[in-house]
Amino acid sequence: MLAMPRRIDPVVPVGSLRTAAQPVLPAGELLIRPWAVTDAGALVTAFSDPAIQRWHARTVASEQEAVSMITSYNQAWQRETAAHWAIAGPEVIGRISLRMIDLVEGFAELAYWVVPSARGRGVAVAAVGAVGEWAFAELGLHRLELDHSVANTASCRVAEKAGFAYEGTKRGAALHTDGWHDMHLHARVNGDA
């Protein structure tokens with residue numbers, strides 16, 4: 001298929017991810033690092049948590065499934081479509097991702113979860129801050145979005161504390177196991193305070 005010429009250059013040059021190693025990012029006492037196959041057990045344990053199950057459409061029921069997921073996480077970096085990190089402190093206590101990266105438009109969507117023992121300690125806020133700072137300052141993205149079910153008040157607090165302005169409600173925007181959910185949309189633009 002013939003690519004149509006563009007009048008505007010990509011915000012981030014294509015190839016910026018796959019030609020570099022996925023970074024390890026400090027976040028206070030936490031380390032935001034690429035997933036490793038040795039994290040499979042931690043992924044299975046995390047996905048057995050009812051709260052993680054409630055807000056995520058995917059399941060991870062075995063180490064084999066976890067290894068497959070970790071492999072796809074790492075392949076997404078090479079395809080430049082997403083970037084997935086484990087939140088470690090030092091054991092895996094969460095996940096942070098730039099989902100649906102669009103280098104041409106300079107856009108990505110943030111997603112995260114933390115295990116029950118790490119909730120209420122600022123882990124998600126610190127991880128969102130570290131990845132957001134890297135995405136703007138190092139990668140050069142223009143806009144990051146974070147959306148969550150309107151029923152997920154904990155994620156709303158994370159978005160607000162991490163400096164993501166509430167922009168509106170997307171009606172019927174995400175299918176969960178209990179049906180369609182309206183989603184709050186929060187965003188930061190490179191240069192926001």
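Residues numbered from 1 in each chain as written. Predicted model: local features only at pLDDT ≥ 70, side-chain atom pairs only at ≥ 80, totals over all residues. Heavy atoms only, no water.

## Some thoughts on the pairing of strand E2 (residues 30–34)
Of the strand pairs in this sheet, strand E1 (residues 25–27) and E2 are connected by 3 bridges, and their pairing is antiparallel. If you follow Ala-27 over to E2, its bridge partner there is Leu-30. Where E2 lies against strand E3 (residues 83–88), 4 bridges are found, and the strand directions are antiparallel. When the bridges of E3 are listed, Ile-32 appears paired with Ile-87. (Pairing = 2+ DSSP bridges. Helix = DSSP H or I, 4+ residues; strand = E, 2+ residues; numbered from the N terminus.)

## Digging into the sheet that holds strand E5 (residues 107–114)
With mixed pairing, 8 strands are arranged side by side in an open sheet as E1-E2-E3-E4-E5-E6-E8-E7. Looking at strand neighbours, the two that pair on one side only are E1 and strand E7 (165–176), the edges of this open sheet. Geometrically, the sheet is characterised by an average inter-axis angle of 30 degrees between neighbouring strands, direction not taken into account. Set on the sheet, helix H4 (residues 123–139) makes contact with E1, E2, E3, strand E4 (92–102), E5, strand E6 (143–149) and strand E8 (179–189); between it and E4 the angle comes to about 35 degrees. Against the sheet, helix H5 (residues 153–161) touches E5, E6 and E8, its axis set at about 10 degrees to E8. (Axes fitted to C-alpha atoms, helices over the stretch in contact; angles between N-to-C directions. Contact = heavy atoms within 4.5 Å.)

## Concerning the pattern of salt bridges
Opposite charge on two side chains lets them pair, provided their charged atoms get close. In this structure the tally under the stated criterion is 7 salt bridges. The salt bridge partner of Asp-49 is Arg-119, with a shortest N-O separation of 2.5 Å. Of this pair, Asp-49 sits in the loop between helix H1 (40–46) and helix H2 (50–55) while Arg-119 is found in the loop between E5 and H4, placing the two residues 70 residues apart along the sequence. Accessibility expressed as a relative area gives 10% for Asp-49, which makes it buried. Here Arg-143 and Glu-145 are joined by a salt bridge, their closest N and O atoms 2.9 Å apart. Where salt bridges share partners, they join Arg-143, Glu-145 and Glu-167 into one cluster. (Salt bridge = Lys/Arg side-chain N within 4 Å of Asp/Glu carboxyl O. Buried < 20%, exposed > 50% of the residue type's maximum accessible area, 1.4 Å probe, protein only.)

## Points about H4
Here H4 spans 22 Å end to end across 17 residues, near enough to the 24 Å set by a 1.5 Å rise per residue. Of the residues making up H4, those classed as buried are Val-123, Ala-124, Ala-127, Val-128, Ala-130, Val-131, Gly-132, Trp-134, Ala-135, Phe-136 and Leu-139. Of the residues trailing H4, Gly-140 is marked for its positive phi of about 95 degrees. (Expected span 1.5 Å × (residues − 1).)

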